[in-house]
Amino acid sequence: MPTQDEIFTASEADRWFERNKHVLGELPADDIPARLVELYRLRPRSILEIGAANGYRVAELAKRTGARGVAIEPSAAAIADGAQRFSHVTFHQGEARALPVEQTFELVIVNFVLHWIDRKNLLRCAAEIDRVVADGGHLVLGDFHPWRPARNVYHHLPDAGVMTFKQDYAQLFLASELYQPVALLTSHGRELDASVADGERYGVSLLRKRL
Ligand SMILES: C[S@@+](CC[C@H](N)C(=O)[O-])C[C@H]1O[C@@H](n2cnc3c(N)ncnc32)[C@H](O)[C@@H]1O
């Protein structure tokens, strides 16, 4: 029985990119991970984005901060597009559960990726993400941020048994006590807003690692 990560990366990763590539060019002015970098005046010398699509965010952040930018992404189509557009970014094809890099990074971004991860692989992914965050570095985790954990059938693959899992992923890292919370920004730019439908809130946490 394949894990849902295998199902996803075998076909849906490229399809997701094809459906969304028209909006994956310039970094939007209201991009919350970028806003956190600006607000907290982060000046990392190296930035890794995991599940980076064509690298549009890491490309812009690398330019703004002067950092070395690296993108990891399972979709070959997204990487081919990004390699053409953003020649200053290094791309690796790969997945969160076995990151194809050895070094650590001063800023690691994982935005809208963990809700797709098969629950069998979730802690393995968290360990892999932790492995590549430098001591003293920052981790940005953006995802759906419901009041209660929720699981839903993924509507683009309704018959494949693929689910999306909505929860506060920062808690995985905070529980280790290796990370301190720095900030949480939401799609409303303020503390989580109860007027937004549960399961549709987007929260981005900034954590700092201290061994
Ligand atoms: C919703 S998109 C978000 C893209 C980008 N991070 C952003 O914020 O716009 C999720 C991305 O994660 C990638 N992805 C899916 N499963 C993954 C996995 N197991 N490991 C790493 N990336 C994955 C997808 O191919 C896709 O590019």
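Just so it is clear, the model here is predicted, and its values are computed rather than measured.

(A) Quick look at the environment of Val37. If you trace the backbone, Val37 turns up in helix 2 (residues 32–39). C-alpha of Val37 to C-alpha of Ala53: the two residues are 16 residues apart in sequence and 19 Å apart in space. In this view, Val37 contacts Leu42 and Leu61; residues no more than four positions away in its chain are not counted.

(B) Spotlight on the site of the ligand. Taken together, 20 residues lie near the ligand, and Ala13, Gly51, Glu95, Ala96 and Asn111 sit nearest. Ranked by residue count, the leading element in the shell around the ligand is helix 1 (residues 4–20), at five residues. Taken together, the residues of the shell around the ligand sort by class into 13 nonpolar, four polar and three charged.

(C) Expanded view of the nonpolar core. Counting 52 residues, the largest nonpolar core has Ile50, Val108, Ile129 and Leu139 as the members making the most contacts within it. The contact partners of Ile50, leaving out residues within four places of it in the chain, are Ile72, Ala96, Leu99, Val108, Val110, Val113 and Ile129.

(D) View of the packing of helix 2 against helix 3 (residues 56–65). Running from N to C, helix 2 and helix 3 cross one another at 20°; their axes reach a closest spacing of 10 Å. Relative to helix 3, helix 2 is oriented roughly parallel. When the axes of helix 2 and helix 3 are compared, the crossing they make is right-handed. On helix 3, the residues touching Pro33, Ala34 and Val37 of helix 2 are Arg57, Glu60 and Leu61. Within the contact of helix 2 with helix 3, the residues separate by chemical class into four nonpolar, no polar and two charged.

Criteria and thresholds
- Residues numbered from 1 in each chain as written.
- Predicted model: local features only at pLDDT ≥ 70, side-chain atom pairs only at ≥ 80, totals over all residues.
- Helix = DSSP H or I, 4+ residues; strand = E, 2+ residues; numbered from the N terminus.
- Contact = placed C-beta atoms within 7 Å.
- Near = placed C-beta within 6 Å.
- Nonpolar A, V, L, I, M, F, W, Y, C, P; charged D, E, K, R; others polar.
- Core = buried A, V, L, I, M, F, W, Y, C linked by C-beta atoms within 7 Å.
- Buried ≥ 20, exposed ≤ 12 C-beta atoms within 10 Å, placed from the backbone.
- Axes fitted to C-alpha atoms, helices over the stretch in contact; angles between N-to-C directions.
- Parallel < 35°, antiparallel > 145°, perpendicular 65-115°, else oblique.
- Left-handed = near helix turned anticlockwise from the far one by under 90°.

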